[in-house]
Each structure stands twice: as C-alpha cells, then as structure tokens.
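Structural features, examined
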Amino acid sequence: MARVVPATPETIGEAARILRRGGLVAFPTETVYGLGANALDPVAVARVFEVKRRPAFDPLIVHVCDRTMLEEVVLEIPPLAQVLIRRFWPGPLTLVLRRRPKLPGIVTAGLDTVAVREPSHPVALELIRCAETPVAAPSANPFGRLSPTRAEHVARHLGEEVDLILDAGPTPHGIESTIVSVLGETPQVLRVGAVPVEELEAVLGPVEVATSARRPQAPGQLPSHYAPRTHLSVARAEEVPVSARPRSAYLAFQRPPEDGFAAVRVLSPRGDLREAAARLFDLLHELDGLGLERIYAEPVPETGLGRAIMDRLRRASAAEG
Ligand code: TXA
Ligand code: MG
C-alpha cells in the first residue's frame, strides 16, 4: 500500500525527490488529485499509463509552476493564450499549445500539441517548484472511472502502485479543469470543467464547445467516462419506479426526494452549483461504495458549473452496456 502522508514542507520535499528519481506521486490540485510523474522522464510517464490502465492514445496534462517552465514545454504562446493565462492562471484552466520536441512523445500521445496548466493549489505548486521539473499528471483514478477528490480515493483505487500520496484534504473545485484550444480560428472548449464557459466568453467572446466525439481530441470527450462501478442514470426522483427505489441510491441536487430510496445524498442544499460541483465525485464515490443496483442522479441547471456537472453525469451514465 502506498504511504498516505499529510502534505507538509518535509513530505512535499520527499515527494519532489521521488519525482526526480522517476517515481509516481499523487498530489492535490484545486480540481482533483493528480497522479504525477516527471514530464521529461518517458519511463516514469509510461508508468502513469500502466498504473491508470490508460490507453496510450490519451495524452496527459503537463503541470508547470511558472512562465519559465511553461516555455520549456511549449514552442510559443499565442496572444489569446496569453490573455487566458493572465486571467485564469494559476487556476483550473488547461491550454492546448504547440509542444517543444524535447517533451517525450508519450506525454502527448504523439500529438504535436501539449495540454498545460499552472495549478493554484499551494501543495501542487510547491511540489512542482521543489521538483524543478514539469509534472505530467492525469487525474489519479483508474481510466474511465470517477475522479478522486480525496487522498483516500486514490489510496483505495490506485494505492498499491503509487509511491507516495500527499494528503491535503478534499479538493476545492472537485471537478477537472476546463480544457481550451486557441490554436484554431475560433477558441474551442475541448472539455467543460471548473472554469465555466460563461467566464471564458467574457474574455474571449463566443467559443465553440466540443461535444462528445467518436474520435476524440480529448478522451474526456469519450461518451463513456468518469463512471462509478454502479450503473448510473440521470433521472428525477419521480421518474424512478417505486419498486426500484429500495435497491437504488439517489443523488439529489438541492432537496432530498420524499422517500423510498436505499440511500440519498444532496449535492447542495443551498442550490449552489459551485458547491454541487465540489461535492459531485465525492458523493458518487460514497454511493458507489454502497454496492446498490443503480444510482439515479437528478439533473442540475445547465448554467455555469452546472454544465460541467451534467457533462460528467451524462458520461457516467453512458458507461452502461
Ligand atoms: O483538473 C485537471 O485537469 C486534472 C488535474 C490533475 O490537473 N487532470 C486531469 O487529467 O483531468 P486527465 O488526464 O484526467 O484529463 C486530461 C485530458 C484528457 O481528456 C486528454 O485527452 C486531454 O486532457 N488532453 C491532453 N493533451 C491534449 C492535447 N494535446 N490536445 C487535446 N486534449 C488533450
Ligand atoms: Mg481523468
């Protein structure tokens, strides 16, 4: 079992040494926990794919801690990217930019672009700073499954194979970064996430939002992703047959349903989409752990972060055979 340690200057220093030696460290970001490897070490990065059982066509996000490190991995920073960086970094926005050849091909799955972001979580930033190297890190979950918002999620699902897990409690956003490409004519959102589309449009004007693709640029775009082991359906409580309720869990947005469900969780009693996003994966992990027949999730309003929440719920529900 991997060691789970509270993130302190000492343990972050140890984690940085592990990264430099080619090891794997799970660490908190403001979105979800990441499974990090030295982005410049192809063997370490290969282990990330192995541990996550991630298909090699699915490129990783490279995490940097400053502009100098960014310029180590990308060829150029186009004007629109600079605007986004000034507005949203450090923070939960990932940019797709042209990569430098020195970045190992395995990181980008052979693409000539790289997805990069500067996280705002102090532990993530300090880890990258101490390691003095860009850190390639997908979410620290088995491929296609629920993303981890707590160190214990990582320990439970990947524990055996990670060298160290830095624990800094639940992640503040609880949902992955928004991925944007400004390389084409119109800015394109490749994955909706913790930065709402509206906030991007306030800076960029209209953007295109890529919907699920059969041949995805971002496998976050695969129709089935982010799935619990328990079958999940998006439905309002009243649509769920009464006879099915005793074997089902219900994930409500704001108000719990009358009754009849074996387990009920509420995303945000205040009806706050930010709080709902932050709790989404956490509560899904909990409900998934109950071993019930099915999880029903109530739809949430599709504005702001509601869009990312519904995106994750739809993909989770598409996992059904
Ligand atoms: O919030 C996050 O982004 C978290 C934390 C750990 O930073 N990371 C994360 O990584 O969600 P991951 O690997 O689960 O999702 C990364 C997504 C994938 O869907 C991948 O296809 C896309 O980023 N991606 C990576 N490189 C890309 C590229 N060059 N072009 C388009 N999409 C890319
Ligand atoms: Mg992921």
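Below or above, wherever it landed, is the structure these notes cover. (Residues numbered from 1 in each chain as written. Chains lettered and ligands numbered in written order. Predicted model: local features only at pLDDT ≥ 70, side-chain atom pairs only at ≥ 80, totals over all residues. Heavy atoms only, no water.)

**Some words on the pattern of salt bridges**
This is how the line gets drawn: Whenever Lys or Arg places a side-chain nitrogen within 4 Å of a carboxyl oxygen from Asp or Glu, that contact is recorded as a salt bridge. Put simply, DSSP marks the helices as runs of H or I at least four residues long and the strands as runs of E at least two long, and each gets a number from the N terminus on. Under the scheme applied here, a residue whose accessible area is under 20% of the maximum for its type counts as buried, over 50% as exposed, and between as partly exposed, the area being computed with a 1.4 Å probe on protein chains only.
Applying the stated criterion to the full structure yields 20 salt bridges. Across the pair Glu 176 and Arg 312 runs a salt bridge, and its minimum N-O distance is 2.9 Å. With a gap of 136 residues between them, Glu 176 in the loop between strand 8 (164-167) and strand 9 (178-181) and Arg 312 in helix 9 (residues 306-317) connect regions that are remote in the sequence. With relative accessibility at 1%, the residue Arg 312 sits in the buried group. Beyond isolated ion pairs, a larger network of salt bridges with shared partners links Glu 176, Asp 311, Arg 312 and Arg 315.

**Quick look at the packing of helix 1 (residues 9-20) against helix 5 (residues 122-131)**
Rules: An axis is simply a line fitted to the C-alpha atoms; with a helix, the fit covers only the stretch in contact. Between two such axes, the angle follows the N-to-C directions and lies from 0 to 180 degrees. Any angle that falls under 35 degrees is termed roughly parallel, while one over 145 is termed roughly antiparallel, one within 65 to 115 roughly perpendicular, and all others oblique. Crossing handedness is read from the near helix: turned anticlockwise from the far helix by less than a right angle, it gives a left-handed crossing, and turned clockwise, a right-handed one. Residue contacts are defined here by distance: any two heavy atoms, one from each residue, within 4.5 Å place the two residues in contact.
Where helix 1 meets helix 5, the axes come as close as 8 Å, and the angle between the chain directions of the two elements is 50°. When the axes of helix 1 and helix 5 are compared, the pair comes out oblique. The two elements helix 1 and helix 5 meet at a crossing, and its hand is right-handed. From helix 1, Ile 12, Ala 15, Ala 16, Leu 19 and Arg 20 reach across to helix 5, where they touch Val 123, Glu 126, Leu 127, Cys 130 and Ala 131.

**Some details on empty space enclosed by the protein**
Cut-off, in case you're wondering: We place a 1 Å grid over just the protein atoms. Points where a 1.4 Å probe fits but has no way out form a cavity, open points with protein on both sides within 12 Å along at least 5 of 7 lines form a pocket, and any residue with an atom within 4 Å of a point lines it. Grid points are joined across faces, edges and corners, and a volume is the space filled by probe spheres set on the points. Residue type decides the class: Asp, Glu, Lys and Arg count as charged, Ala, Val, Leu, Ile, Met, Phe, Trp, Tyr, Cys and Pro as nonpolar, and the leftover types, Gly among them, as polar.
By the definition in use, this model includes two cavities of 30 Å³ or more. Taken as a whole, the largest cavity encloses approximately 60 Å³ of empty space. Taken together, Pro 142, Arg 145, Leu 146, His 157, Ala 227, Pro 228, Arg 229, His 285 and Asp 288 make up the lining of the largest cavity. By residue class, the composition of the lining of the largest cavity is four nonpolar, two polar and three charged.

**Quick notes on the sheet that holds strand 6 (residues 113-117)**
What counts, and what does not: By this definition, two strands are paired if DSSP reports at least two bridges between them.
Within the open sheet, the 11 strands sit side by side as 1-8-2-3-7-4-6-5-9-10-11. Their pairing is mixed. One side of each edge strand has no neighbouring strand; the edge strands of this open sheet are strand 1 (3-6) and strand 11 (208-209). With four bridges joining them, strand 5 (residues 93-98) and strand 6 adopt antiparallel strand pairing. Across the sheet, Leu 97 pairs through a bridge with Val 114, a residue of strand 6. Its contacts with the sheet put helix 1 on strand 1, strand 2 (25-27), strand 3 (34-38), strand 7 (135-136) and strand 8, and the angle it makes with strand 8 is roughly 145°. Those strands touched by helix 5 are strand 2, strand 4 (61-63), strand 7 and strand 8, and its axis lies near 145° from that of strand 2.

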